[in-house]
Amino acid sequence: MKEGLTQEELFSLIQKKAEADERIRAAALDGSRANPEALHDEYSDFDVVFFVRDSREFTQNTGWIRDYGEVLIAQFPDDWYNHPYDYEGKEPFHCLVQYADGNRIDFTIRDVSRGEEENNREPRTVLLDKDGYDWLKPVETDEAFFIKRPGKKEYLDCVNEFRWLSLYVAKGLCRDQFNYARFHLSEGMGGMFFKMLDWKIGLSHDFRVSTGSHGKYLKKYLPEEEMARVREAFPDGETAHMWDGMGVMYDYFEELAEAVAGGLGYPYDQKEAERVKEFWQNRRKNETQKGG
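The text that follows walks through the structure, step by step, so that each part is easy to find. (Residues numbered from 1 in each chain as written. Predicted model: local features only at pLDDT ≥ 70, side-chain atom pairs only at ≥ 80, totals over all residues. Heavy atoms only, no water.)

Counting secondary structure elements, the protein chain contains eight helices and six strands. Put simply, the protein chain runs from its N terminus to its C terminus through helices and strands in the order α-β-β-α-β-β-β-β-α-α-α-α-α-α. Reported as C-alpha extents along the three principal axes, the dimensions of the protein chain are approximately 75 × 40 × 35 Å. Expressed as a percentage of its 292 residues, the buried residues of the protein chain come to 40%. About 16300 Å² of surface is accessible on the protein chain, with carbon and sulfur atoms providing 47% of the total. (Helix = DSSP H or I, 4+ residues; strand = E, 2+ residues; numbered from the N terminus. Buried < 20%, exposed > 50% of the residue type's maximum accessible area, 1.4 Å probe, protein only. Areas by Shrake-Rupley, 256 points an atom, 1.4 Å probe, with all protein chains shown as cover.)

Turning our eyes to something else, we now look at helix 4 (residues 178-204). Working note: α-helix, 3.6 residues per turn, so residues spaced by three or four point in the same direction. Taking 1.5 Å per residue, 27 residues should reach 39 Å; helix 4 reaches 37 Å between its end C-alpha atoms and fits that length. At G190, helix 4 is bent by approximately 40 degrees, the largest bend along its length. Positive backbone phi, approximately 55 degrees, marks D206, located one or two places after helix 4. (Expected span 1.5 Å × (residues − 1). Bend = angle between axes of the 7 residues up to and from the residue.)

It is worth spelling out the packing of helix 4 against helix 7 (residues 239-264) at this point. Running from amino to carboxyl end, helix 4 crosses helix 7 at an angle of 30 degrees, the nearest separation of the two axes being 9 Å. The orientation of helix 4 relative to helix 7 falls into the category roughly parallel. The element helix 4 and its partner helix 7 pack so that their crossing is left-handed. Here the residues of the contact of helix 4 with helix 7 sort into 21 nonpolar, two polar and two charged. (Axes fitted to C-alpha atoms, helices over the stretch in contact; angles between N-to-C directions. Parallel < 35°, antiparallel > 145°, perpendicular 65-115°, else oblique. Left-handed = near helix turned anticlockwise from the far one by under 90°. Nonpolar A, V, L, I, M, F, W, Y, C, P; charged D, E, K, R; others polar.)

Below, the discussion takes up the layout of surface pockets. For the largest pocket, the calculated volume is near 1100 Å³. Around the largest pocket, the lining comprises 45 residues; the ones closest to its centre are G31, S32, D47, E122 and F145. When residues of the lining of the largest pocket are traced back to their parent elements, those giving at least two are strand 2 (46-52), strand 5 (104-111) and helix 5 (218-221). Per-class residue counts for the lining of the largest pocket are 14 nonpolar, 12 polar and 19 charged. (1 Å grid on protein atoms, 1.4 Å probe; cavity = no way out; pocket = protein on both sides within 12 Å on 5 of 7 lines; lining within 4 Å. Points joined across faces, edges and corners; volume = space filled by probe spheres on them.)

Right, here's the structure in full:
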């Protein structure tokens with residue numbers, strides 16, 4: 001990693017350049033660095049929003065991103081192969097930049113002519129406001145990230161999808177279709193599993209907490225023995241280990257689902273859970289006997 005700016009120096013540079021550039025009328029720091037409760041370390045990004053006089057001056061030529069360091073790689077997600085960006089327009093524009101010295105800045109360019117559309121609810125620190133915009137406000141709470149209490153239909157659909165996908169995983173493993181099985185185990189069942197895990201954590205904290213993007217703060221809310229179960233549910237690519245991992249995930253999910261149902265007053269069908277598990281266990285048993 002190349003030597004470059006410290007994070008304190010980079011933050012100072014961001015502020016100074018925003019103050020000096022007349023095209024930038026306001027600037028804000030969003031995301032984890034604006035949230036005192038979030039994890040802050042050398043891997044934390046700077047989420048910087050520039051409110052500018054004419055966004056086209058920043059979108060049509062992105063060379064300005066090099067003012068903050070040597071660019072290792074950059075991504076412009078608003079200009080993608082299936083949704084190209086209109087560089088003559090003034091839609092918000094994102095520049096995600098990893099610098100060679102280890103610093104990363106995710107820039108958002110917003111045109112002040114569309115400032116009234118600003119509806120940010122995530123943590124935000126206003127770095128400067130040259131024109132006193134009434135729509136630019138600091139946000140000091142991370143409530144936008146709190147786990148949302150599920151309605152009855154959402155809860156039941158999650159349970160149904162999880163059990164249904166377990167049959168897909170079993171079919172893929174029986175056919176030795178690795179990626180089909182892996183996808184439905186990790187992405188499909190896994191997605192429902194983490195949703196239910198969030199709800200259980202939310203229920204325990206009156207839905208006033210966040211586990212972060214993709215559950216990055218799970219360890220904060222789970223004892224080590226439960227984190228070990230989470231890890232065990234996501235095995236390597238060995239067929240036997242995937243069967244075992246599905247078993248771990250299935251049992252843990254059903255424990256969570258029963259607890260969430262009890263806490264929210266929703267129905268829980270234990271008989272169906274047992275019958276579905278028995279069904280795919282029998283498929284595993286049959287395949288094991290074939291191999292023999």
